[in-house]
Amino acid sequence: MAALVARLRRKYRGCITGEAYVAASAGRHEAVPDAIDARLAAALATRGVRSLYSHQAEAWRTVAEGRHLVIATPTASGKTLCFNGPVLDAALKSQAKALYLFPTKALAQDQVAELMELNRAGELGVRAYTFDGDTPSDARQAVRTKGDIVVTNPDMLHQAILPHHTKWAQFFQSLRYVVIDEVHSYRGVFGSHVANVLRRLHRICAFYGARPQFICCSATIGNPGAHAEALTGLPMHAITESGAPRGASHLLFWNPPPVNPDLGIRASARSQVSKLARMTLKAGLKAILFANSRLMVEVLTKYLKDVFDHDPRKPARVRAYRGGYLPEERRLTERMMRAGAIDAIVSTSALELGVDIGALDVCLLCGYPGSIAATRQRLGRAGRRQQAALGVLVASSDPLDQFVVRNPSYFLEQSPEQARIDADQLLILLDHIRCAAFELPFAEGDRYGGREIREFLEYLVEEGLLHRDGPRWHWIADSYPANAVNLRSVADGNFVVVDRSGGKQTIIAEVDYSSAALTLYEGAIYMVQSVPWQVEKLDWVGRKAYVTRTHVDYYTDAIDYTKLKPLAEFGVERAGAGEAVHGEAHVVRRVTGYKKIRYYSHENIGYGPVNLPDQELQTTAMWWRLPPAALDRVFRTRFEALDGFLGAAYALHTVATLLSMCEPRDLGKAVGSGDSEWSAEVSAKGRGQIRGQGGEAVDPATLERFAPAVYLYDNYPGGIGLSRPLFERRAELLSAARALVRDCRCGPGCPACVGPILATEEGRSPKANALTVLDLLA
Amino acid sequence: MNAAASQPGGLRERLRALRGAPSTTPVTEGLDAEWRDRLVRLRQLTRERAGQGGLRPVASLPGREVAPGLLLDERRLGSLHARLAGIELPAELSVPWLDERTVPRERLLFFDTETSGLCGGVGLKVFLLGVLRYEDDAFVMRQYLMRTPGGEGALVRAWQRELADEPVLVSYNGKRFDWPALSTLATLHGVALPAAGEHWDLLYPVRRAYRKEWPNCRLVTAEERLTGRPRKADLPGSEAPRAWREYLAHGHTGLLSEVMRHNRYDLEALLRILGHFAR
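Residues numbered from 1 in each chain as written. Chains lettered and ligands numbered in written order. Predicted model: local features only at pLDDT ≥ 70, side-chain atom pairs only at ≥ 80, totals over all residues. Heavy atoms only, no water.

On to the sheet that holds strand β23 (residues 472-475) of chain A, then. Within a sheet, each strand pairs with its neighbour through backbone hydrogen bonds, oriented either parallel or antiparallel. Residue and element names in this part refer to chain A. Reading across from one edge, β19-β23-β22 is the order of the 3 strands in this open sheet, with antiparallel pairing throughout. Of all the strands in the sheet, just β19 (442-443) and β22 (466-469) have a single pairing partner and so form its edges. Sheet analysis places β19 next to β23, joined by 2 bridges and oriented antiparallel. Residue pairing in the sheet places A443 in a bridge with R472 of β23. (Pairing = 2+ DSSP bridges. Helix = DSSP H or I, 4+ residues; strand = E, 2+ residues; numbered from the N terminus.)

So this is what it looks like as structure tokens:
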């Protein structure tokens, strides 16, 4: 390891923009509490646990005091024992039952395996079962009535347990603990849904007279206590100091070498990561590679397989891992990793959580994961079990990446992001009030999530779902509302990818609704383990894509554009020469075509058309607009003004993503006219381009009125609470965007400030134009 | 919560617009106060006319109100009616699935329910429970109709009383559907039912014997093939959920009366099918 680091420092000095070294640290230990059941103490001793880390002991004490708690300590610090200890102790002493929630099935299964080992070690006789979609129906009865610990996921709680709570009556009556692991993953839309599932759980527990204690675990985030409180609706004691020992770790910030410094174009992160991976494997070390998209996982896997797995007679050394693969395939990869049979695994965020994949030496990040918390979580996957580790963050040309890699101190000094949810988002709230009404009738004066919900109930009466009888509202519809609510995606209905090569029909993957339009259009190359299939037919209504095996030397990338129309204004404030607005908007997204990109050379070798239904959403947004007169004073042409708006939108979006600590995809951006006559985008040639209402290209000079606006909107129907804080912090937002553009060292503009500039033209500076727009608004 | 949600007048309109295809007109624009009042009054009027406001035409439903929201229609089947309808059983029953033992007909409880749907789960409402038993030398049919959802607790307690003498249950697919649905309600209302005793679910012997010969093993098919009495002029069972909702929403009793008749037909069919198996 030391040799590899030394070699990188020597050969690639220019790429390394920053380094951090964390020395190994000793742990802080405390004795196992005296009061614990002797059988459990013996079981722990058999497993080598003779003392506790300080945070484990603190967790144990907090549970004993009867307080709800959240434990937020780094990866591999022994969080599991913080809840397994007290839960097993109570199960042995007083037959207390516990419900465990994990975000994925794989984690739940890992957990039961671990419980069973402890159980066997001490012959404890505690029954722990998983309850998920794979649990056979004849085993479910036993899980419900005999399980001391039931391990499941929020989706099962939502769709299978709560709507059938009477079958679980015995379980709920003795329910003493609810354990929620990986609470940081319950944020945004998913987290808002889960918070409501927990509100429903509270209702059901109260019905059976139970008041369980909640034990949460989280990765390191900025607000573990507040987040767990928002999620569970309960006061939480937060434990954030880890007492676990830590191995040494190196972290390198890596900026690919410039190819065209003037345009800010650099070598791709992909090429750098695949080079670093080759060096790692040749040094005999094991690596995990993280990429930010499923497509990039496939491309990287192909490049590495081309080097290491070209001999089909030998077992594969490189495997890909991502959502969309079938469960068996993922379990196989996990087993192979644990057994040490694979040298490199390429993954999306799917492996960010605590799936046990054994010990790894090097973690390579292809692109900044979008947040400090996720970056730390991913880096934590290397160097478990106290061995020295190396992490390399390789920046892409995205502005966020460039910002981070040029300011390593930002990453090293800033505390990680805060997880945010909006449990009262209207549509989500309505979804779960429906489910809650199905589970137990609401009575006059009942509150839900601390709120008076009479209006909602009346609405559901009008919809014919509820019937009011005296003081109660009863569910009367012939439907099972939980089936219509998917916790994980905006619109329900996953697409299945069906391979019909050779006459048979085999399902090879699943794609969620939101990414279907971008990945499964007819003509798209769809990859699984870097093997290409071509989409021949997309059945949008039936949610199926038919593919056949193909052999091509390119992959495809969708081209989409966004049109936005303001609907209502909640607040308008002066902003320099223009105005800033917070309001409601209608957004249409259309995929217009795709590009074919050749492997390795990455040249564009063709286009194809796409004909898919528009995706629409009505949401909250904030925007800035400038009157034509103000623009005419400073810009010679409308093209320049347009360049400026597009560049300003790019910079504002980057800064807003950082400021609101959300995922870049949660926040949309658009440039258009304030009256939705036209919308603008950056064309394939890197110039601003205007489209009319029907999507046709329009010359801005021919427009009668030219009053552009720049929009930032919540990328979720009804909004998810991002645009209002942005509106309130608009001054901060503007000055940060101006600083980002002004202080960038590029020439006419680059991906790190106003977006990529593809061709230089005499006298054209999108960067200067963007600054002009931002200055006008200040 | 954003601004729009805190304006009560706009909330429902807003929900509607958000959930439907997103419209291009603003949903937050408030109606003026006078119009809002008029709408509220109008809605109240239509509701009262539809029978939701308090007055409800219950007269045309058979039976009497035995608890708030629960109607009981009880009828003794006269010997002539019973003979014409083929409602006859020997005093001591011997069936193939009991070895040597016989069961007196007084111990049998035939039951069948009608529900708000087939989706399952706690939100499924059992709005009609029909039972048929032999009492004091005649067959007696009792139908418990949950006229409004508030009658649910009373319906479950009536079921508890029916089970008090530990009868032998006779049903068609009752093991998988009717019994669990009623048990769910019992748990929901804190009513302790006796543990499931002997239960003859006739679907199973019918399936074993005729699965390969018949197009399906539904109750009406078995009735027609085994007893030679095709069902005539009957509402299909699948209409039951709609009938109940029509009644709740508008007070229409027509369809609901037909559902009650359908339920009686089903109970009689159940008895005749058992008669076919009895030795």
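Before going further, it helps to examine the pattern of salt bridges. Within this structure, the stated rule accounts for 46 salt bridges over all chains. For K305 of chain A, the salt bridge goes to D309 of chain A, with nearest N and O atoms at 3.3 Å. In this structure, a network of salt bridges that share partners links the residues E74, R133, E135, R142, E162 and D165 of chain B. (Salt bridge = Lys/Arg side-chain N within 4 Å of Asp/Glu carboxyl O.)

Turning to the confidence of the model for chain A, a few remarks are in order. Mean pLDDT over chain A: 87, with 95% of residues reaching 70 or higher. Within chain A, no element has a lower average pLDDT than strand β13 (residues 265-266) of chain A, which sits at 74, and none a higher one than strand β8 (residues 175-180) of chain A, at 98. (pLDDT = per-residue confidence, 0-100.)

What follows deals with the packing of aromatic side chains. All names here are of chain A. Summed over all chains, the structure comprises 23 aromatic pairs over all chains. Taken together, a centroid distance of 4.9 Å and an interplanar angle of 85° make the contact between F207 and Y208 edge-to-face. In this structure F207 comes out as partly exposed when scored by relative accessible area, which is 32%. Overall, Y208 belongs to the buried group, its relative accessible area being 10%. When the ring of W678 is compared with that of F706, the centres are 5.5 Å apart and the planes differ by 5°; the resulting orientation is stacked. One end of the pair, W678, is in the loop between β33 (667-673) and β34 (679-682); the other, F706, is in the loop between β36 (697-698) and β37 (708-714), with 28 residues separating them in the sequence. When its relative accessible area of 3% is taken as the criterion, W678 is described as buried. Here the aromatic residues F131, W168, F171, F172, F207 and Y208 are joined through ring pairs into a cluster of three or more. Residue placement shows R203 over the ring face of F442; its charged tip is 3.9 Å from the ring centre. When the ring centre of W533 is taken as origin, the NZ or CZ atom of R549, which lies over that ring, is 5.9 Å away. (Phe/Tyr/Trp six-rings, centres within 6.5 Å; stacked < 30°, edge-to-face > 60°. Buried < 20%, exposed > 50% of the residue type's maximum accessible area, 1.4 Å probe, protein only. Lys NZ or Arg CZ within 6 Å of the ring centre and 35° of its normal.)

Turning our attention to the sheet that holds strand β9 (residues 213-218) of chain A. Residues and elements named next belong to chain A. Ordered by their spatial adjacency, 7 strands build an open sheet running β6-β7-β5-β8-β9-β4-β10, and the pairing between neighbours is parallel. Edge positions in the sheet fall to β6 (128-130) and β10 (237-239), since each has one partner strand and no second. If you compare each strand with its neighbour and ignore which way they point, the axes differ by 15° on average. As defined by bridge partners, strand β5 (residues 97-101) adjoins strand β7 (residues 149-152) across 4 bridges and the pair is classed as parallel. Considered in β7, the bridge of A98 is made with I149. Running at roughly 160° to β6, helix α5 (residues 105-122) makes contact with β5, β6 and β7 of the sheet. (Axes fitted to C-alpha atoms, helices over the stretch in contact; angles between N-to-C directions. Contact = heavy atoms within 4.5 Å.)

This part covers the packing of helix α4 (residues 79-94) of chain A against α5 of chain A. All names here are of chain A. Where α4 meets α5, the axes come as close as 12 Å, and the angle between the chain directions of the two elements is 55°. The pairing of α4 with α5 is recorded here as oblique in orientation. The handedness of the crossing between α4 and α5 comes out as right-handed. From α4, T80, F83, N84 and L88 reach across to α5, where they touch Q111, E114, L115 and L118. (Parallel < 35°, antiparallel > 145°, perpendicular 65-115°, else oblique. Left-handed = near helix turned anticlockwise from the far one by under 90°.)

On to the nonpolar core. Core analysis: the biggest nonpolar cluster contains 82 residues, and F172, I180 and L201 of chain A together with F127 and W159 of chain B have the highest contact counts within it. The element that contributes the greatest number of residues to this core is helix α9 (residues 188-207) of chain A, accounting for 8 residues. Sequence-distant contacts of W159 of chain B, defined by excluding residues within four places in its chain, comprise L109, F111, L129, V131, L169, W179, L182 and L193 of chain B. With 67 residues, the next largest nonpolar core counts I149, C363, L365 and V405 of chain A among its residues. (Core = buried A, V, L, I, M, F, W, Y, C linked by side-chain atoms within 4.5 Å.)

Bringing the domain arrangement of chain A into the picture now. Each assigned domain of chain A is listed here: domain 1 (2-23 + 254-413), domain 2 (29-239), domain 3 (429-484), domain 4 (495-552) and domain 5 (558-777). Measuring from the centre of the C-alpha atoms in domain 2 of chain A to the corresponding centre in domain 5 of chain A gives 45 Å. (Domains from an automatic or database assignment.)

On to the packing of helix α1 (residues 2-11) of chain A against helix α11 (residues 269-282) of chain A. Between two packed helices, what matters for the description is the angle formed by their axes and the separation of those axes. Residues and elements named next belong to chain A. Where α1 meets α11, the axes come as close as 11 Å, and the angle between the chain directions of the two elements is 145°. Viewed along their axes, α1 and α11 form a crossing whose handedness is right-handed. Facing L4, R7 and L8 of α1, the residues of α11 in contact are L276, M279 and T280.

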